[in-house]
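Survey of secondary and tertiary structure
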Amino acid sequence: MTKPESAGHDYDVVISGASLAGSAAAILLARRGARVALLERRSDPGAYKVLCTHSLTANAYPVLDELGLVPALEQAGAIRNEARWYTRWGWIEPRAAPSGPGLPYGYNIRRSTLDPLIRSHAARTPGVDLLLGHQVTGLVREAGRTVGVRASAADGEREIRARLVVGADGRDSAVAKFAEVPVRRHENARFGYLAHFRGLPLRDGIAHAWFLEPDMAYAFPNDDGVTVVAVLPDKKRLPAFREDLEGSFLDFVRGLPEAPPVDSAERVSKIIGTVDYPLLTREPTAPGLALVGDAALTGDPLWGVGCGWALQSAQWLAEAVATAVTGRGDLDKSLAAYARTHRRRLTGHQKLAVDFAKTARPFNPGEQLMFSAAARDAAMARHMFLFASRLIGPLRFLSPLALARAAVVNMRHRRTATPPVRA
């Protein structure tokens, strides 16, 4: 291993975790001139995250484009993620405006395809050293500042020093725990299970989601003809669900409105899931340290936005700190800028998700207003799509103009609805 010119540092940045957030951050930082050590605790370059929605929402597209991954995703069979959502008022079916551009899109792609793809892309990036089989066992601290990591590998433990340590190691982040980064834990009153099916047709071949209030389900078509079907019921149903997991899962899916025909499809995975998935929020920075992806903020899998946020947070970090980590700026100020962007872009989304998760409640009056209008009006459906894709924030989604438009849509619907026939 050769050292860069910056004396006292093996690298400019050391990143723990070579999945989406870590690999993306490594690529983007290296392209900006940083020398990056990308550590992955697993030795298999094809390792991947199993429990995931497998969805890259449209907010991730600009990052994928900057990474240069869009052609590779298309070649790998990723599915552009159009969607429809079932509600008690009918289906919300976002469509492009007749005279406008098409709707933005992201991709649905299995993590077994995506993770090795982005990891190999990082390994080929000049300036990135991918170190497989390296598990962080502690941090190197000096004067209250993180200046490196200790990592165990097959040939023993080593110390790797860097100007910046990045935790991209998931919601149970070891880096965050070693750094004693404060965490706020928000309970999730839903549990979830998913399975992969081949040969499962969906109407128009696009993703479906069901808001059953309080239960939830979705079906996402992915690469290689595989569809991921997930159910997220209220935890009150958990004891009965556990008595017969397979039967309960399949019965839940069969009972969905316009249910996908799981009985005629081939299940190609086990039914996997989690009965306790809290939403976690951590401070995204500390002296000499940054967190990205689920290590910084773990959202509710119900919304399928974790992959998009992982990629976005990697991009925000690279934009903020690249100059400083190469010795040409103030790292603390750069980390503060990243933290401000992270909080500004994600705090509002997380607050809404926490409120919806903590009691597994039905829609509140504001949500009823917006979802019902989106099921009845094409412009409101597009507005809902932009929010679900995290292309707009809560303030714009719930702006006075949007609320007024939703109210008008619903009033018009009530006026034109067929009156009940009296006996």
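Residues numbered from 1 in each chain as written. Predicted model: local features only at pLDDT ≥ 70, side-chain atom pairs only at ≥ 80, totals over all residues. Heavy atoms only, no water.

The next subject is the overall build of the protein. The helix and strand tally for the protein stands at 13 helices and 22 strands. For the C-alpha atoms alone, the extent of the protein along its principal axes is close to 90 × 45 × 40 Å. Taken over 423 residues, the protein has a buried fraction of 54%. Of the contacts formed within the protein by residues at least 6 apart in sequence, a portion of 73% connects residues at least 24 apart. By element, 53% of the accessible surface of the protein is carried by carbon and sulfur atoms, the whole surface being about 18200 Å². Across the protein, the mean location of the 54 positive side-chain charges is 6 Å away from that of the 43 negative side-chain charges. (Helix = DSSP H or I, 4+ residues; strand = E, 2+ residues; numbered from the N terminus. Buried < 20%, exposed > 50% of the residue type's maximum accessible area, 1.4 Å probe, protein only. Contact = heavy atoms within 4.5 Å. Areas by Shrake-Rupley, 256 points an atom, 1.4 Å probe, with all protein chains shown as cover. Lys, Arg positive; Asp, Glu negative; His and termini not counted. Charge placed at Lys NZ, Arg CZ, Asp CG, Glu CD.)

A word on the sheet that holds strand β3 (residues 55-56). Taken together, the three strands give an open sheet; going across it, the order is β3-β7-β4, and neighbouring strands pair in antiparallel fashion. One side of each edge strand has no neighbouring strand; the edge strands of this open sheet are β3 and β4 (79-80). Sheet analysis places β4 next to strand β7 (residues 107-108), joined by two bridges and oriented antiparallel. The partner of Ile-79 across the bridge, within β7, is Asn-108. (Pairing = 2+ DSSP bridges.)

Glancing now at the nonpolar core. The tendency in soluble globular proteins is for nonpolar side chains to be buried side by side. Counting residues in hydrophobic clusters, the biggest one holds 55 residues, and the most contacted among them are Leu-56 and Leu-311. Sorting elements by how many residues they give to this core places helix α8 (residues 306-325) first, with 12 residues. When neighbours within four sequence positions are excluded, Leu-311 is seen to be in contact with Leu-20, Ala-24, Leu-56, Ala-60, Val-63, Leu-64, Leu-67 and Ile-118. Counting residues in each nonpolar core, the second largest holds 30 residues, with Leu-194, Tyr-218, Phe-363 and Met-384 among its members. (Core = buried A, V, L, I, M, F, W, Y, C linked by side-chain atoms within 4.5 Å.)

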